[in-house]
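Observations on chain architecture
Chain by chain, the residues:
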Amino acid sequence: EPEVTQTPSHQVTQMGQEVILRCVPISNHLYFYWYRQILGQKVEFLVSFYNNEISEKSEIFDDQFSVERPDGSNFTLKIRSTKLEDSAMYFCASSERPRGETQYFGPGTRLLVL
Amino acid sequence: QKEVEQNSGPLSVPEGAIASLNCTYSDRGSQSFFWYRQYSGKSPELIMSIYSNGDKEDGRFTAQLNKASQYVSLLIRDSQPSDSATYLCAVKGGSYIPTFGRGTSLIVHP
């Protein structure tokens, strides 16, 4: 069964460093998403991406964040200058169609900022 | 501010019983409703989606939606210890963006 994959599974970084989280969405899906979940808290939407551009973004997705689809398979989230409060689980998701459509989540990347 | 409220639990039920999980939402324009299961340290896994008022059944799971009361629930029949997890309610309006509740922790004890 097709699935969303994410690398790395864990990332430890120093405050102020840049990190890139990678995702490979399901191959026939056209809509991609990033979410984060701080430990013990709710899943929060960051950004959606379609046709090589951002469709929607939340207040969390400020200038330190960026997304890119560098090739036909990968979808990346870059955090330019990490802060302690960026420590969270980051989930990538994809869907075949947009509104109302089921989103399939990847296994997540656990980011720890020291 | 769109809100999705769930009782954090834990909800503890014996094996074989029916577990009832509830969710209320604030945005009357919400159109799509989802239940996800999340095991500790893992990603959300979709269990059910429901779009219109009434019940929708899939195996041991039944989702119930009442838009007038802004209420969606999930029933799990014949609960198994493997059902022990956190259940997330997610609600979408006309956009791509789902709003998640904090989740209800379910414990099914043998």
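It should be noted that the structure appears before, not after, this text.
Quick caveat: nothing in here was measured; it's all calculated off a predicted structure.

1. Here's the deal with the packing of aromatic side chains
Within the structure shown, the criterion is met by 16 aromatic pairs over all chains. Look at A:Tyr35 and A:Phe45: their rings are 5.8 Å apart centre to centre, the planes differ by 75°, and that puts the pair in the edge-to-face class. Of this pair, A:Tyr35 sits in strand β4 (residues 31-37) while A:Phe45 sits in strand β5 (residues 43-50), placing them 10 residues apart in sequence. Take A:Tyr35: its relative accessible area is 0%, and that puts it in the buried class. Since its relative accessible area comes to 5%, A:Phe45 is described here as buried. Aromatic pair A:Tyr35 and A:Phe105: ring centres 5.1 Å apart, planes at 35°, arrangement tilted. Within this pair, whereas A:Tyr35 is found in strand β4, its partner A:Phe105 is found in strand β10 (residues 104-105), the two being separated by 70 residues in sequence. Given the relative accessible area of 11%, A:Phe105 is considered buried. Among the aromatic residues, ring-to-ring pairing joins A:Tyr33, A:Tyr35, A:Phe45, A:Phe91, A:Phe105, B:Phe34, B:Tyr36, B:Tyr51 and B:Phe100 into one connected group.

2. Describing the interface of chain A and chain B
How big an interface is tends to be stated in terms of the accessible area lost upon association of its parts. On the chain B side, the residues contacting the 24 residues of chain A number 22 residues. For the chain A and chain B pair, buried surface summed over both sides reaches about 1900 Å², with 56% attributable to carbon and sulfur atoms. Across the chain A-chain B interface, the total number found is four residue pairs in polar contact (both at pLDDT 80 or more). When contributions to the side of chain A that touches chain B are tallied by element, the ones reaching two or more residues are β4, β5, β6 (53-57) and β9 (88-95) of chain A. For the side of chain A that touches chain B, the per-class residue count stands at 10 nonpolar, nine polar and five charged.

3. With respect to the side chain of B:Ser79
Residues and elements named next belong to chain B. Among the secondary structure elements, Ser-79 is positioned in the loop between β8 (71-76) and β9 (85-92). Its relative accessible area of 0% is what places Ser-79 among the buried residues. Excluding anything up to four places from it in sequence, Ser-79 contacts Val-13, Pro-14, Glu-15, Gly-16, Ala-17, Ile-18, Ala-19, Arg-60 and Val-108.

4. Concerning the state of the cysteines
Taken as a whole and judged by the stated rule, the model has two disulfides over all chains. Across a sulfur-sulfur distance of 1.9 Å, A:Cys23 and A:Cys92 are joined as a disulfide pair. Its S-S torsion of approximately -60° makes the covalent link between A:Cys23 and A:Cys92 left-handed. Separated by 69 residues along the polypeptide, A:Cys23 in strand β3 (residues 19-24) and A:Cys92 in strand β9 bring together distant segments of the chain. Sulfur-sulfur distance for the disulfide between B:Cys23 and B:Cys89 comes to 2.1 Å. On the sign convention where negative is left-handed, the bridge of B:Cys23 and B:Cys89, at about -70° about the S-S bond, is left-handed. In this pair, B:Cys23 is assigned in strand β3 (residues 19-25) and B:Cys89 in strand β9, connecting sequence segments 66 residues apart. In this structure B:Cys23 comes out as buried when scored by relative accessible area, which is 1%. Judged by its relative accessible area of 0%, B:Cys89 is buried.

5. A short note on the nonpolar core
All names here are of chain B. Among the nonpolar cores identified, the biggest contains 23 residues, and Trp-35, Val-72, Leu-74, Ile-76 and Tyr-87 are the most heavily contacted of them. Of all the secondary-structure elements, those providing two or more residues to this core are β3, β4 (32-38), β5 (45-50), β7 (61-66), β8, β9 and β11 (104-109). Beyond its immediate sequence surroundings of up to four residues, Tyr-87 is in contact with Gln-6, Leu-21, Trp-35, Tyr-36, Arg-37, Ile-47, Leu-74, Ile-76, Gly-103, Thr-104 and Leu-106.

6. Some remarks on the sheet that holds strand β8 (residues 75-79) of chain A
Residues and elements named next belong to chain A. One open sheet accounts for four strands, arranged β1-β3-β8-β7; its pairing is antiparallel. Here the strands that pair on one side only, and so sit at the sheet edges, are β1 (5-7) and β7 (65-68). Neighbour-to-neighbour, the strand axes of the sheet open up by a mean angle of 20°, direction not taken into account. Bridging between β7 and β8 involves four bridges; their strand directions are antiparallel. Along β8, the bridge assignment pairs Phe-65 with Ile-79.

How each quantity is defined
- Residues numbered from 1 in each chain as written.
- Chains lettered and ligands numbered in written order.
- Predicted model: local features only at pLDDT ≥ 70, side-chain atom pairs only at ≥ 80, totals over all residues.
- Heavy atoms only, no water.
- Phe/Tyr/Trp six-rings, centres within 6.5 Å; stacked < 30°, edge-to-face > 60°.
- Helix = DSSP H or I, 4+ residues; strand = E, 2+ residues; numbered from the N terminus.
- Buried < 20%, exposed > 50% of the residue type's maximum accessible area, 1.4 Å probe, protein only.
- Contact = heavy atoms within 4.5 Å.
- Buried area = accessible area lost by both parts, 1.4 Å probe.
- Polar contact = N/O pair within 3.5 Å; in protein donor to acceptor, adjacent residues only side chain to side chain.
- Nonpolar A, V, L, I, M, F, W, Y, C, P; charged D, E, K, R; others polar.
- Disulfide = S-S within 2.5 Å.
- Core = buried A, V, L, I, M, F, W, Y, C linked by side-chain atoms within 4.5 Å.
- Pairing = 2+ DSSP bridges.
- Axes fitted to C-alpha atoms, helices over the stretch in contact; angles between N-to-C directions.

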